[in-house]
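Secondary and tertiary structure notes
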Amino acid sequence: MTSHTTSLNEDKNQQTLYLQDGRILSYAEYGDLTGKPLFFFHGGNDSRLEAAIVDETAQQMRVRVIAPDRPGYGRSTFQPNRTFLDWPADVLALANALELQRFAVVGHSGGGPHAAAVANATPERLTGVGLISSAAPPGSSNKGMHPLFRLINFFMGSSPKLHRRITEQTAVQVQDTPEKFFTQWGRMSPADGRLFQSRPAVREMIAAEMQEALHQGIDAILQEHPLYKQPWGFELTEIALPVHVWHGLADVHISQDVPHFVPNEGHFSILANYQADILALAVNDERAT
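Some remarks on helix H2 (residues 87–97)
Those residues of H2 not exposed but buried are Trp 87, Pro 88, Asp 90, Val 91, Ala 93, Leu 94 and Ala 95. Its buried side turned inward, H2 meets strand S2 (15–18), strand S3 (24–31), strand S4 (36–41), strand S5 (63–68), strand S6 (103–108) and helix H3 (111–121). In the segment just after H2, Glu 99 is the residue with positive phi, at about 60 degrees.

So this is what it looks like as structure tokens:
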């Protein structure tokens, strides 16, 4: 059986679920802890602490945001050979431990396929599903993607050695000189650069959550990145409820052939600027009759 504990200091941002197979699933909570539940799945280089970006809006909208670390990220136990299809079981174990029968799911960037996997596996439990700056399914075009990210995507599948080297270099920069990382990101993605410059608290929050993602090293990142380019194990068209997609036209990190484009928004800025629309998925139950 799964068991649920809170860390000794009762920190709502570092809580623990012990899963049936002995793994630890770490998660954070934000917003109104008595509100409508929404699971937030972090990006591919991020951690549970990324959900801090929606904390204030979630409090105002009375939404309870539950943000788990995926296996090997942050404080969650690494899971060898995992796929997107393994993730719904972990999410349902946490939902059941928290006694949540119905909830929404949203995923940012690399969290998008994970939200879609949960929606595909258990649509009857969901009030809504949202993909934010999400990784696109295999076979999607690279239109709009920055050349550097196209190159990284290529190395994910063709050269594990180069993929590891780039990931190691990024990790060192995020940990040691995050200001350089955000400067370079801002040059490639001006919409995000404007966000980082105008809202330093958001930039600092993203730096902290990305550093937390590296708590156990880069193995989880190296394992997950290639999954985006492989068959996901299901088709988006098989999901039995509406899938809401938020995607910035100025996002140079993710390929752009998904609907609901938003002008002048980048990879992180759309998450910062469209929180109320995204969190409404928890408040407005699309499966209610």
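Looking at the nonpolar core
Core analysis: the biggest nonpolar cluster contains 43 residues, and Leu 38, Phe 40, Val 65 and Ile 206 have the highest contact counts within it. The element contributing the most residues to this core is helix H8 (residues 200–213), with 6 residues. Not counting residues up to four positions away in its chain, the partners in contact with Phe 40 are Glu 50, Ala 51, Val 65, Ile 66, Ala 67, Pro 68, Val 106, His 108 and Leu 271.

Some remarks on empty space enclosed by the protein
Following the criterion strictly, the structure yields 1 cavity of 30 Å³ or more and no others. Estimated volume of the largest cavity: approximately 50 Å³. As for the largest cavity, its lining consists of Asn 45, Thr 167, Thr 170, Ala 171, Val 174, Met 210, Leu 214 and Ile 221. It is helix H5 (residues 160–176) that provides the largest number of residues to the lining of the largest cavity, a total of 4 residues. Broken down by class, the residue content of the lining of the largest cavity amounts to 5 nonpolar, 3 polar and no charged.

A few points about the environment of Glu 56
Along the chain, Glu 56 falls in helix H1 (residues 55–61). Once the C-alpha coordinates of Glu 56 and Tyr 30 are considered, the two residues, 26 residues apart in sequence, prove to be 8.3 Å apart.

Re helix H6 (residues 178–188)
Side chains that are three or four residues apart share a direction in an α-helix, a result of its 3.6 residues per turn. Among the residues of H6, Pro 178, Phe 181, Phe 182, Trp 185, Gly 186 and Met 188 are the ones counted as buried. Down the axis of H6, the smallest arc covering the buried residues is 160 degrees, so these residues share one side. Pointing more than 90 degrees away from the buried face of H6 are the exposed residues Glu 179 and Arg 187.

Procedures and definitions
Residues numbered from 1 in each chain as written. Predicted model: local features only at pLDDT ≥ 70, side-chain atom pairs only at ≥ 80, totals over all residues. Heavy atoms only, no water. Buried < 20%, exposed > 50% of the residue type's maximum accessible area, 1.4 Å probe, protein only. Helix = DSSP H or I, 4+ residues; strand = E, 2+ residues; numbered from the N terminus. Contact = heavy atoms within 4.5 Å. Core = buried A, V, L, I, M, F, W, Y, C linked by side-chain atoms within 4.5 Å. 1 Å grid on protein atoms, 1.4 Å probe; cavity = no way out; pocket = protein on both sides within 12 Å on 5 of 7 lines; lining within 4 Å. Points joined across faces, edges and corners; volume = space filled by probe spheres on them. Nonpolar A, V, L, I, M, F, W, Y, C, P; charged D, E, K, R; others polar. Arc of directions from axis to C-beta.

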